[in-house]
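Chain residues, written in single-letter form:
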Amino acid sequence: MSNPQSITVKEVCDLAEDFFHGVASGEAGSSIARLFLHPDARLHAPEGEAFSLEDHRLLHTRWTDEKHLLGDFYLTTISDDPPRVRAVGTVYWEARNVKAASTGPGLIKAIAGEDWVIERRPDGKLCFVLYHTTFFHPLPGSATIVL
């Protein structure tokens, strides 16, 4: 019998969808912080850089027409009190460079490896404890990513 507080893959995907919707819509870092245990959270990139939530929002202003599609995610229970899991999986990301959007296709297509620690709060909602993108692989035919 499973623990009623167990975190499910569906719940993790719902949390991720909420986050990616906020990213694609330009939601302020101070607002998207509601999805994180710590409001001053950092998003860790493959190259070792750590972005604040607001710096991450500003980074994404370079792109438009963003799409995030979740691949398979696998959960490992870390703790039952508080309920905490490690979620590992992939996300397909595509977007257009803002500058290229008016002059040509400029479609970026990539797969990102995600490794998250997620916790259930006392109110029952999930939040990211740690957000780490472990790899970022542009796909064949992808436009160049301009940072």
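Thresholds applied
- Residues numbered from 1 in each chain as written.
- Predicted model: local features only at pLDDT ≥ 70, side-chain atom pairs only at ≥ 80, totals over all residues.
- Heavy atoms only, no water.
- Core = buried A, V, L, I, M, F, W, Y, C linked by side-chain atoms within 4.5 Å.
- Buried < 20%, exposed > 50% of the residue type's maximum accessible area, 1.4 Å probe, protein only.
- Helix = DSSP H or I, 4+ residues; strand = E, 2+ residues; numbered from the N terminus.
- Contact = heavy atoms within 4.5 Å.
- Pairing = 2+ DSSP bridges.
- 1 Å grid on protein atoms, 1.4 Å probe; cavity = no way out; pocket = protein on both sides within 12 Å on 5 of 7 lines; lining within 4 Å.
- Points joined across faces, edges and corners; volume = space filled by probe spheres on them.
- Nonpolar A, V, L, I, M, F, W, Y, C, P; charged D, E, K, R; others polar.
- Salt bridge = Lys/Arg side-chain N within 4 Å of Asp/Glu carboxyl O.

Enquirer: Please clarify how the nonpolar core should be interpreted in this entry.
Expert: By size, the foremost hydrophobic cluster in this structure holds 23 residues, and its most contacted members are Phe19, Phe36, Trp116, Ile118, Phe128 and Tyr131. Those elements that provide at least two residues to this core are helix H1 (9-25), strand E4 (83-97), strand E5 (107-120) and strand E6 (126-138). Among the elements that take part in this core, H1 stands out by supplying 6 residues, more than any other. Among residues more than four places away in sequence, those in contact with phenylalanine 128 are Leu15, Ala16, Phe19, Leu35, Phe36, Leu37, Trp116, Val117 and Ile118. With 9 residues, the next largest nonpolar core counts Trp63, Ala95, Ala110 and Ala143 among its residues.

Enquirer: Sorry if this is basic, but what is going on with the pairing of E5 here?
Expert: The side chains of a regular strand alternate between the sheet's two faces. With 11 of its 14 residues buried, E5 lies for the most part within the structure. Here E4 pairs with E5 via 13 bridges, running antiparallel. Along E5, the bridge assignment pairs glutamate 94 with lysine 109. If you look at the hairpin formed by E5 and E6, you'll find 5 residues sitting between the two strands, and glycine 124 has a positive phi there, around 95°.

Enquirer: Just to check I follow, could you spell out the layout of surface pockets for this structure?
Expert: Sizing a probe to match a water molecule and rolling it over the atoms shows the empty space that remains. Counted as a void, the largest pocket has a volume near 580 Å³. Taken together, 25 residues make up the lining of the largest pocket; nearest its centre are Ala45, His56, Leu59, His60 and Phe136. Going through the elements one at a time, H1, strand E1 (42-44), helix H3 (53-59), strand E3 (63-80), E4, E5 and E6 are the ones with two or more residues in the lining of the largest pocket. Broken down by class, the residue content of the lining of the largest pocket amounts to 16 nonpolar, 5 polar and 4 charged. Every residue lining the second largest pocket is listed: Glu11, Asp14, Leu15, Asp18, Arg34, Leu35, Arg121, Lys125 and Leu126. Looking at the lining of the second largest pocket, the element that brings in the most residues is H1, giving 4 residues.

Enquirer: Mind showing me how you'd approach the pattern of salt bridges here?
Expert: With the rule as written, the count across this model stands at 9 salt bridges. With a shortest N-O distance of 2.5 Å, glutamate 27 and arginine 34 are connected by a salt bridge. For glutamate 27, a relative accessible area of 18% gives the class buried. Residue arginine 34 is classed as partly exposed on the basis of its relative accessible area, which comes to 38%. Between aspartate 65 and arginine 96 there is a salt bridge, with its nearest N and O atoms 3.7 Å apart. Taken as a pair, aspartate 65 in strand E3 and arginine 96 in strand E4 lie far apart in primary sequence, 31 residues in all. What makes arginine 96 partly exposed here is its relative accessible area of 26%. A cluster of three or more residues bridged by salt bridges with shared partners is formed by Asp18, Glu27 and Arg34.

Enquirer: Looking at this model, I keep getting lost on the environment of tyrosine 74. Mind explaining?
Expert: Mapped onto the elements, tyrosine 74 comes out in strand E3. Overall, tyrosine 74 belongs to the exposed group, its relative accessible area being 57%. Residues tyrosine 74 and arginine 86, 12 residues apart in the sequence, show an inter-C-alpha distance of 8.1 Å.

The values reported here are purely geometric and, on their own, carry no functional implication.
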